[in-house]
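Below are the chains, spelled out letter by letter.
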Amino acid sequence: MAISPEARPDRGEARERQVRTIFSEIAPRYDLLNHVLSLNIDRRWRRRAVDRLELPEGDPEALVLDACAGTYDLSLELASRRGFQGRIVASDFARPMLVEGMDKVRASPIVPVCGDALRLPFPDDTFDRVMVAFGVRNLSDVAAGFAEFARVLRPGGRLVVLEFTTPPNRLMRGAYLFYFHRVLPLVGRIVSGHPWAYTYLPESVKEFPGPGALATLLEEAGFAEAEWGYLTGGIAAIHVGKGAPAGDSHRSDADSRGSTVPSVESR
Ligand SMILES: C[S@@+](CC[C@H](N)C(=O)[O-])C[C@H]1O[C@@H](n2cnc3c(N)ncnc32)[C@H](O)[C@@H]1O
């Protein structure tokens, strides 16, 4: 099937403009399409991602960054946890996405911030945890994004990344590719009214590094250890980047780091 040129992921600053434009334009329909197109599985995936934060309960000082927060669904999942008493900074560079979700975050510990994940407006060592759902794939420079997340994480903190991937099993991959490249762009176009945003989505997944390569990027960005596991037969994956233990610098050089731990959890 022919791909419209606008839907092909750009590079560098052009990619940033492309991504900001897409999400700004689809913001009013984003939540609806998200849940419809994923058959609501996305909610379960976000629950799994929040589980992996392993944030101690009851700490009123806990500070969590939700990078590429969109309309706040990941932040809301964390905020809804009974033991959570801290604050969540939800940052995104597409202002219409943050505005669209505002009604959902009133009277919550979620603080929206309009900003670029590659140039976070926070000092070093600010957050106890950083989490990103379906955002990393859109960054114009994934390695730079991971380095920026490592910079703002406190020693002993951890980064949790939820992202689409391509299923390793041939049968599952076939069904997934059919759905992703045929059904999803069509339904997305009809419901959002946007001519190519939902063609960009599968194209961006196609060119995104596999889970093993992503774990290596995490280590290269300064995480002491990187674990990952598949979700739902490999349609998505969760990566956990563990910061250096408190007392060490989380920006230690490559020689002092541990190795990637592939803890493949099929769920
Ligand atoms: C697919 S949405 C995910 C939103 C939300 N995390 C969720 O789980 O539904 C991707 C979001 O990442 C944001 N984004 C992409 N690149 C970004 C960047 N460089 N800085 C900040 N936000 C970015 C987009 O604006 C968009 O809102």
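Rules used throughout
- Residues numbered from 1 in each chain as written.
- Predicted model: local features only at pLDDT ≥ 70, side-chain atom pairs only at ≥ 80, totals over all residues.
- Helix = DSSP H or I, 4+ residues; strand = E, 2+ residues; numbered from the N terminus.
- Buried ≥ 20, exposed ≤ 12 C-beta atoms within 10 Å, placed from the backbone.
- Contact = placed C-beta atoms within 7 Å.
- Pairing = 2+ DSSP bridges.
- Axes fitted to C-alpha atoms, helices over the stretch in contact; angles between N-to-C directions.
- Core = buried A, V, L, I, M, F, W, Y, C linked by C-beta atoms within 7 Å.
- Near = placed C-beta within 6 Å.
- Nonpolar A, V, L, I, M, F, W, Y, C, P; charged D, E, K, R; others polar.
- Parallel < 35°, antiparallel > 145°, perpendicular 65-115°, else oblique.
- Left-handed = near helix turned anticlockwise from the far one by under 90°.
- Expected span 1.5 Å × (residues − 1).
- Bend = angle between axes of the 7 residues up to and from the residue.
- pLDDT = per-residue confidence, 0-100.

**Remarks on the overall build of the protein**
Counting secondary structure elements, the protein contains nine helices and seven strands. A principal-axis box enclosing the C-alpha atoms of the protein has dimensions of 55 × 40 × 35 Å. By residue count, 43% of the 267 residues in the protein fall in the buried class. The contacts of the protein with a sequence gap of at least 6 include a subset with a gap of at least 24, amounting to 73%.

**Description of the sheet that holds strand E2 (residues 87–92)**
Here we have seven strands laid out as an open sheet, ordered E3-E2-E1-E4-E5-E7-E6, and mixed in their pairing. Across the chains shown, the open sheet's two edge strands, defined by having one partner strand only, are strand E3 (110–114) and strand E6 (225–231). With strand direction ignored, the average angle separating the axes of adjacent strands in the sheet is 15°. Strand direction decides the pairing type here: strand E1 (residues 63–67) and E2, joined by five bridges, are parallel. Within E2, the residue paired with Ala 67 across the bridge is Ser 91.

**Observations concerning the nonpolar core**
Counting 76 residues, the largest nonpolar core has Ala 49, Val 130, Met 131, Val 160, Leu 162 and Ile 238 as the members making the most contacts within it. Leaving out residues up to four positions away in the same chain, Val 130 has contacts with Leu 65, Ala 67, Phe 149, Val 152, Leu 153 and Leu 159.

**Re the environment of Pro 245**
You can see Pro 245 is positioned in the segment after strand E7 (236–242). Measuring from C-alpha to C-alpha, the distance between Pro 245 and Gly 156 comes to 4.3 Å, with 89 residues separating the pair along the chain. Residue contacts for Pro 245: discarding those within four places in its chain leaves Pro 155 and Gly 156.

**Quick look at the site of the ligand**
Taken together, 21 residues surround the ligand, and among them Cys 68, Gly 70, Ala 94, Ala 117 and Ala 133 come closest. Every element with two or more residues in the shell around the ligand is listed here: helix H1 (12–37) and helix H3 (73–79). In terms of residue count, H1 provides more of the shell around the ligand than any other element does, four residues in total. Of the residues that constitute the shell around the ligand, the class distribution is 13 nonpolar, four polar and four charged.

**Quick notes on helix H6 (residues 142–152)**
Among the residues of H6, Val 142, Gly 145, Phe 146, Glu 148, Phe 149, Ala 150 and Val 152 are the ones counted as buried. Against the buried residues of H6 lie E1, strand E4 (127–133), strand E5 (153–164) and helix H9 (211–220).

**What about the pairing of E6?**
Alignment of E6 against E7, held across seven bridges, turns out to be antiparallel. Within the sheet, the bridge partner assigned to Tyr 230 lies in E7 and is Ala 237. The antiparallel pairing of E6 with E7 creates a hairpin that spans four residues between the two strands, and Thr 232 there sits at a positive phi of about 45°.

**Let's talk about the packing of helix H7 (residues 170–192) against helix H8 (residues 197–206)**
Packing of H7 against H8 brings their axes to within 7 Å, and their N-to-C directions diverge by 150°. Viewed along their axes, H7 and H8 adopt a mutual orientation that is roughly antiparallel. The interaxial crossing formed by H7 with H8 has right-handed handedness. Side by side, H7 and H8 meet where Phe 180, His 181, Leu 184, Pro 185, Gly 188, Arg 189 and Ser 192 of the first sit next to Ala 197, Tyr 198, Thr 199, Leu 201, Pro 202 and Val 205 of the second.

**Thoughts on H7**
Between its first and last C-alpha atoms H7 spans 31 Å; for 23 residues at 1.5 Å apiece the expected length is 33 Å, and the two agree. Approximately 35° is the largest bend angle found in H7, and it occurs at Val 183, with the proline Pro 185 only one to four residues beyond. For H7, the set of buried residues is Tyr 176, Phe 180, Pro 185 and Gly 188. If you follow the buried residues of H7, they end up packed against H1 and H8. Just past H7, the residue Gly 193 takes up positive phi, approximately 75°.

**Some remarks on the confidence of the model for the protein**
Summary statistics for the protein give a mean pLDDT of 89 and a share of 90% for residues scoring 70 or more. Here residues 249–267 scores under 50 on pLDDT; set against residues more than four positions off or in separate chains, the count is 34 contacts.

**Quick notes on the packing of H1 against H7**
Where H1 contacts H7, the axes come no closer than 10 Å and their chain directions differ by 140°. As summarised for this structure, H1 and H7 are arranged oblique, according to the angle between their axes. The interaxial crossing formed by H1 with H7 has right-handed handedness. Here Ile 26, Arg 29, Leu 32, Leu 33 and Leu 37 of H1 lie close against H7, whose contacting residues are Leu 184, Val 187, Gly 188, Val 191 and Ser 192.

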